[in-house]
Amino acid sequence: MSEFGKLTKGVFPSILKETHANHITQPFWDAAKQERLICAKCANCGTFRMPPSAFCFECQHRDIEWVELPGTGAIFSYTVVRHPLHPDLAEACPYVSGTVELDGTQGAGARMLVNIIDCDPDTVRIGDRVEVVWEHVNDEMTTPRFRPISA
Ligand SMILES: [Zn+2]
């Protein structure tokens, strides 16, 4: 077995076992444990800030309000990783790492870099519709991945 545990082709393993959250990011992880996808939004100008940031990149205000999203979106960009970053990750390759534009947001401020699973790396395309799936890493940490929405 690899140092990353049992691997599944197409699934990049959750290497981190704790969130290392701070007061700005903790609400995201609390919601994730309940399988709810929430996004930080500037309380002043409404710009979505994902990942949550201390300051708004549009207006520099600090205040955040959290908005619950439907958990769907479209692939904005992606890459197929065919060469393992570490020899013990070979079993996971190929896998798709992509940026998902989240439904319920206005775009650039709310894209997530995620592992896109349950897809054929040879046919995945920009614009494909995807939905969140949650991986319970342990009692403290649940992480999002996305998979194609089957038609
Ligand atoms: Zn703002």
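Notes on the structure follow. (Residues numbered from 1 in each chain as written. Predicted model: local features only at pLDDT ≥ 70, side-chain atom pairs only at ≥ 80, totals over all residues. Heavy atoms only, no water.)

Taken together, Cys42 (SG), Cys45 (SG), Cys56 (SG) and Cys59 (SG) make up the protein donors of the zinc ion, found 2.3 to 2.4 Å from the metal. Summarised as a motif, the one-chain spacing of the donors to the zinc ion is C-x2-C-x10-C-x2-C. Taken as a pair, cysteine 42 in strand 1 (residues 38-42) and cysteine 59 in the loop between strand 1 and strand 2 (64-68) lie far apart in primary sequence, 17 residues in all. Given the relative accessible area of 22%, cysteine 59 is considered partly exposed. (Donors = N, O, S within 2.8 Å, 3.2 Å for Na, K, Ca; no water. Helix = DSSP H or I, 4+ residues; strand = E, 2+ residues; numbered from the N terminus. Buried < 20%, exposed > 50% of the residue type's maximum accessible area, 1.4 Å probe, protein only.)

Tallied over the entire structure, the rule returns two aromatic pairs. Taking the centre distance of 5.2 Å and the plane angle of 50 degrees together, the rings of phenylalanine 12 and tyrosine 95 count as tilted. Taken together, the residues span a long stretch of sequence, with phenylalanine 12 in the segment before helix 1 (26-33) and tyrosine 95 in strand 4 (residues 95-102) at a distance of 83 residues. A relative accessible area of 22% means that phenylalanine 12 is categorised as partly exposed. Geometrically, the ring pair formed by phenylalanine 28 and tryptophan 29 is edge-to-face, given 5.2 Å between the ring centres and 90 degrees between the ring planes. Neither residue differs from the other here; phenylalanine 28 and tryptophan 29 are each classed as buried. (Phe/Tyr/Trp six-rings, centres within 6.5 Å; stacked < 30°, edge-to-face > 60°.)

Let's shift gears to helix 1. Turning to helix 1, its buried residues number three or more, namely Phe28, Trp29, Ala31 and Ala32. One side of helix 1 carries all its buried residues, which in axial view fall inside an arc of 160 degrees. Immediately beyond the C-terminal end of helix 1, within one or two residues, lies glutamate 35, with a positive phi of roughly 55 degrees. (Arc of directions from axis to C-beta.)

Applying the stated criterion to the full structure yields seven salt bridges. The partner of glutamate 140 in a salt bridge is lysine 33, and the shortest N-O contact between them spans 3.8 Å. One end of the pair, glutamate 140, is in the loop between strand 6 (129-138) and strand 7 (141-148); the other, lysine 33, is in helix 1, with 107 residues separating them in the sequence. Between aspartate 122 and arginine 82 there is a salt bridge, with the nearest N and O atoms lying 3.0 Å from each other. Of the two residues, aspartate 122 sits in the loop between strand 5 (111-116) and strand 6 while arginine 82 sits in the loop between strand 3 (72-81) and strand 4, which places them 40 residues apart along the sequence. (Salt bridge = Lys/Arg side-chain N within 4 Å of Asp/Glu carboxyl O.)

A word on the side chain of threonine 142. Assignment of secondary structure puts threonine 142 in strand 7. At a separation of 2.9 Å, a polar atom in the side chain of threonine 142 contacts the side chain of histidine 136. (Polar contact = N/O pair within 3.5 Å; in protein donor to acceptor, adjacent residues only side chain to side chain.)

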